[in-house]
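Residues per chain, in single letters:
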Amino acid sequence: AAAAASEGWDVVYLGADLPPSEVLSAAEQAGVQAVALSIVLVTDSSKLVEQLRQIRHGLDSEVQLFVGGAAARQQTDELRTAGAHVVDSLEQFRKELRRSSEQP
């Protein structure tokens, strides 16, 4: 959230451990251009992938889904398969946000 705010994005911080339905509801209410999730610990990777698929499916195709964090880097292929754009670092996330801001 702080990285996106520092890049000039309006940020809605939702907190930790939200179910996909709450993420989607907040995204719809706020009319977002991107959703960013940080994955720190995974206890059930198949559940994580399914939840990311639910989020990706529930978002407008124009809305980007960014995923980062220590656990995301360990499951990059699975998360990409679920439709997420995996970022390896805050710097990469900032670059992706800048690139998104430049697009019409």
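Residues numbered from 1 in each chain as written. Predicted model: local features only at pLDDT ≥ 70, side-chain atom pairs only at ≥ 80, totals over all residues. Heavy atoms only, no water.

Relative to the helices and strands, V67 is located in strand β2 (residues 64-68). Between the C-alpha atom of V67 and that of A84, which follows or precedes it by 17 residues, the distance is 6.2 Å. Discounting residues that sit within four places of it in the chain, V67 has contacts with L37, I39, L52, A72, L79, A84, H85, V86 and V87. (Helix = DSSP H or I, 4+ residues; strand = E, 2+ residues; numbered from the N terminus. Contact = heavy atoms within 4.5 Å.)

Attention now goes to the packing of helix α2 (residues 20-30) against helix α3 (residues 45-58). It is the contact of α2 with α3, at a shortest axis distance of 9 Å, that shows an interaxial angle of 25°. Between α2 and α3, the angle is such that the two are roughly parallel. Handedness of the crossing formed by α2 with α3: right-handed. Residues P20, V23 and L24 of α2 touch α3, and the partners they reach there are Q51, Q54, I55 and G58. Here the residues of the contact of α2 with α3 are counted per class, giving 4 nonpolar, 3 polar and no charged. (Axes fitted to C-alpha atoms, helices over the stretch in contact; angles between N-to-C directions. Parallel < 35°, antiparallel > 145°, perpendicular 65-115°, else oblique. Left-handed = near helix turned anticlockwise from the far one by under 90°. Nonpolar A, V, L, I, M, F, W, Y, C, P; charged D, E, K, R; others polar.)

Tallied over the full model, the rule gives 3 salt bridges. A salt bridge links E7 to R98; the shortest N-O distance between them is 3.0 Å. Of this pair, E7 sits in the loop between α1 (2-6) and α2 while R98 sits in helix α6 (residues 90-102), placing them 91 residues apart in sequence. A salt bridge links R99 to E96; the nearest nitrogen and oxygen atoms lie 3.1 Å apart. Here E96 and R99 lie together in helix α6, a separation of 3 residues that amounts to about one turn. Linked by salt bridges that have partners in common, E7, E91 and R98 make up one network. (Salt bridge = Lys/Arg side-chain N within 4 Å of Asp/Glu carboxyl O.)

Another aspect to go through is the layout of surface pockets. Space inside the largest pocket adds up to approximately 1500 Å³. Along the wall of the largest pocket there are 49 residues; nearest its centre are G15, V35, A36, L37 and S38. Within the residue set of the lining of the largest pocket, elements represented by two or more residues are α1, α2, β1 (34-38), α3, β2 and α6. Residue composition of the lining of the largest pocket, grouped by class: 34 nonpolar, 9 polar and 6 charged. (1 Å grid on protein atoms, 1.4 Å probe; cavity = no way out; pocket = protein on both sides within 12 Å on 5 of 7 lines; lining within 4 Å. Points joined across faces, edges and corners; volume = space filled by probe spheres on them.)

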